[in-house]
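Fold and contact review
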Amino acid sequence: MNHIDEFCVPHEYISPMEKHLRRVLRNWVDTYVMPNRRLYDEDWKDHHLLEPAFDRLMAGLGFQKAMFPPECGGWGLGKSDYLFRAAYAISEEIGRGDTGIAVAFGVTFWPIFTILIDPYENMRLAKELAPLYCNTDKAFFAANAMTEPQGGADIENMELLKGKTIRTTARLDGDEWVINGHKLWPTNSGGTGKLFGVPCTTKPGSDDPNDFAFIFVPAETPGVTQSSPYEKAGMAADKNGDIWFEDVRVPSWYRAHGPGTDFIAFYQLISLGQVASIAFLTGAMMNLYERLYEFVSTRTYRNKPLKEHDAVAAVIGRIAGDIDICRILGYEAAMIGDRRRMPYGDPITSERTVGRIRNIKDFVSDRAVENFGTAMDILGAYGADRDWDIEKHWRDIKIVQLWMGGKQLCQMEAARYYFNCKTL
Ligand SMILES: Cc1cc2nc3c(=O)[nH]c(=O)nc-3n(C[C@H](O)[C@H](O)[C@H](O)COP(=O)(O)OP(=O)(O)OC[C@H]3O[C@@H](n4cnc5c(N)ncnc54)[C@H](O)[C@@H]3O)c2cc1C
């Protein structure tokens, strides 16, 4: 075995599109990302260098149309039985090159999943928003603005808290929603995103799912202000910042659905985000394998390649084995998501679905963080040398471990399902 495509793939249940999607994306990553990614890391504030690469991927190759139905000019992936598995393959291929690019790309779809995934479709809004994604030759970015200053993990803890801690309010005034609040950290904020999906409460402090609202807000709407992007350890292609909403007015029909359904449609995003995160990690680890393979095959110790020494072989064997296992788990997580449409599957918002997918994400995050650290031990000084790209992924993938409620929320939701906990 000497190629990343040899890592485990469950051929019996991958999407028929997968081979083609991977081939196109592999080519884009090798052309646009691999030669430039160290420069992209310096481009975190302006994205001058990143923009042409995003334009090619999202508008040029057409990927930003993917979720919309054909009648809106899209590819119809939102209705596909393979949605989670296709998202897994796409996210992994891009993550192999740069997990920051992968998340900026993926999150562009995150808010519109609430209105495009069968059975929670809203065709009026889909037709309203489709031109932004489908009729342009430029990359279009959107954000899912969940996190608030008092704590993002609680907002994602949907099963237990049901939106109770959300402080961003939505008040219906005639045929408009009036939104007030403060969000921070969303991927594609910091000035990039032109559309925000905003989880709000219509009754602060309520844990009634009927009081949860998911409302679309164009970034240019009066009353919306944004900070400049934060400077982070990594993930330069993803801008993050503050968004303030002050008496922001949008048409009433910019709400995803209505009482109760908004809650479920939004809840789906948690598992989708976790599956994509797992794919970013396995993608980065596939590239770890490529770079490590080159290093241990070309560097010598006592005139023998490093990989021919017991102490090194034991470690690199373990790393490759972990990548294989993590990939099996990643596809399983994607399959749990896609099984929601099958008679024997679990609903996407069930504790079982959320707990199991969060558990896999936490496990793969830990393996990735540990394996990048171990690979750096093997590369020694070259592990810290930007030329080898290991330190880049090492900075980036630690962030994947921390987002979406962090490690603890993954552990809590897994414990809740497996141990039937009542208060976590
Ligand atoms: C690169 C990047 C991209 C991001 N993208 C987005 C995005 O697209 N949209 C968005 O809304 N947010 C985004 N975030 C924010 C991220 O999701 C939050 O930082 C995360 O959910 C944690 O929220 P918090 O930072 O407010 O921490 P808090 O919720 O305040 O948590 C603080 C600490 O307490 C722990 N904790 C939380 N709950 C429990 C519990 N029940 N038991 C024990 N410990 C607990 C947490 O794990 C964490 O370590 C992004 C962050 C980063 C770094």
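As a reminder, the structure under discussion sits directly above these lines.
Residues numbered from 1 in each chain as written. Predicted model: local features only at pLDDT ≥ 70, side-chain atom pairs only at ≥ 80, totals over all residues. Heavy atoms only, no water.

1. Remarks on the overall build of the chain
Along the backbone of the chain there are 14 helices and 10 strands. Taking 22 Å as the expected radius of gyration for a compact globule of 424 residues, we find that the chain reaches 21 Å, a close match to that expectation. Dimensions of the chain, computed from the C-alpha atoms along their principal axes, are close to 80 × 50 × 40 Å. Within the chain, buried positions represent 58% of all 424 residues. Residue pairs at least 24 apart in sequence account for 76% of intrachain contacts in the chain once pairs closer than 6 positions are excluded. If you sum the accessible surface of the chain, you get close to 16700 Å²; carbon and sulfur atoms cover 53% of it. (Helix = DSSP H or I, 4+ residues; strand = E, 2+ residues; numbered from the N terminus. Rg over C-alpha atoms; globule rule 2.2 N^0.38 Å. Buried < 20%, exposed > 50% of the residue type's maximum accessible area, 1.4 Å probe, protein only. Contact = heavy atoms within 4.5 Å. Areas by Shrake-Rupley, 256 points an atom, 1.4 Å probe, with all protein chains shown as cover.)

2. Focus: empty space enclosed by the protein
Following the criterion strictly, the structure yields 2 cavities of 30 Å³ or more and no others. Of the voids in this model, the largest cavity is the one considered here, and its volume is about 40 Å³. Residue composition of the lining of the largest cavity, by class: 6 nonpolar, 2 polar and 2 charged. Here the second largest cavity defines a volume of roughly 40 Å³. Around the second largest cavity, the lining residues are E159, Y267, E351, V354, G355, E413, R416 and Y417. Of all the elements in the fold, those that place two or more residues in the lining of the second largest cavity are α12 (351-379) and α14 (406-419). (1 Å grid on protein atoms, 1.4 Å probe; cavity = no way out; pocket = protein on both sides within 12 Å on 5 of 7 lines; lining within 4 Å. Points joined across faces, edges and corners; volume = space filled by probe spheres on them. Nonpolar A, V, L, I, M, F, W, Y, C, P; charged D, E, K, R; others polar.)

3. Some details on the side chain of T108
Its location among the elements puts T108 in the loop between α5 (99-107) and α6 (113-116). Looking at T108, its side chain comes within polar contact range of the side chain of N188, at 3.5 Å. Not counting the four nearest positions on each side in its chain, T108 is found in contact with M58, Y133, F140, F141, A142 and N188. (Polar contact = N/O pair within 3.5 Å; in protein donor to acceptor, adjacent residues only side chain to side chain.)

4. A few points about the site of the ligand
Of all residues adjacent to the ligand, which total 21 residues, the nearest are T147, G152, A153, G405 and Q408. The side chain of Q408 places a nitrogen or oxygen atom 2.5 Å from an oxygen atom of the ligand. Coverage of the ligand by the protein chains reaches 72% of its 970 Å² of free accessible surface. According to the grid-proximity analysis, the pocket containing the ligand is the largest pocket. Elements that contribute at least two residues to the shell around the ligand include exactly α8 (152-156) and α14. When its residues are assigned to classes, the shell around the ligand shows 10 nonpolar, 9 polar and 2 charged. Among the domains, domain 2 (144-260) and domain 3 (262-419) are the pair contributing at least three residues each to the shell around the ligand. (Near = heavy atom within 4 Å. Sits in = over half its atoms within 2 Å of the grid points. Domains from an automatic or database assignment.)

5. Topic: helix α7 (residues 123-134)
The periodicity of an α-helix, 3.6 residues per turn, causes residues three or four places apart in sequence to face the same way. Of all the residues in α7, the buried ones are L125, A126, L129, A130, Y133 and C134. Down the axis, α7 shows its buried residues gathered within 135 degrees of arc, on one side only. Looking at α7, the residues exposed on the side facing more than 90 degrees away from the buried face are R124 and K127. Among the structural elements, α6, β2 (142-144), β5 (195-201) and β6 (212-218) are those in contact with the buried residues of α7. Between the side-chain oxygen at the start of α7 and the backbone nitrogen of R124 there is a gap of 3.2 Å, and the oxygen is on N122. (Arc of directions from axis to C-beta.)

6. Points about the environment of V400
Relative to the helices and strands, V400 is located in helix α13 (residues 390-402). Judged by relative accessible area, V400 falls into the buried class, the value being 0%. The spacing of V400 and D55 is 345 residues in sequence and 24 Å in space, taken between C-alpha atoms. If we skip the residues at most four places from it in the chain, V400 touches M235, S277, L281 and K361.

7. A look at the pairing of strand β8 (residues 242-251)
In terms of strand pairing, strand β4 (residues 176-184) meets β8 through 8 bridges, oriented antiparallel. Considered in β8, the bridge of G181 is made with F245. Sheet topology places strand β7 (residues 224-226) next to β8; 3 bridges connect them, and they run antiparallel. By the bridge assignment, V224 is partnered in β8 with F245. (Pairing = 2+ DSSP bridges.)

8. Structural notes on unusual backbone geometry
Cis geometry is found at the peptide bond from D118 to P119, where omega equals 5 degrees. Considering the arrangement of structural elements, one finds P119 in the loop between α6 and β1 (120-121). For M235, which is not a glycine, the phi torsion comes out positive at approximately 55 degrees. Within the element layout of this structure, M235 appears in the loop between β7 and β8. Judged by relative accessible area, which is 0%, M235 ranks as buried. Phi at D247 is positive, roughly 50 degrees, even though this residue is not glycine. One can find D247 in strand β8.

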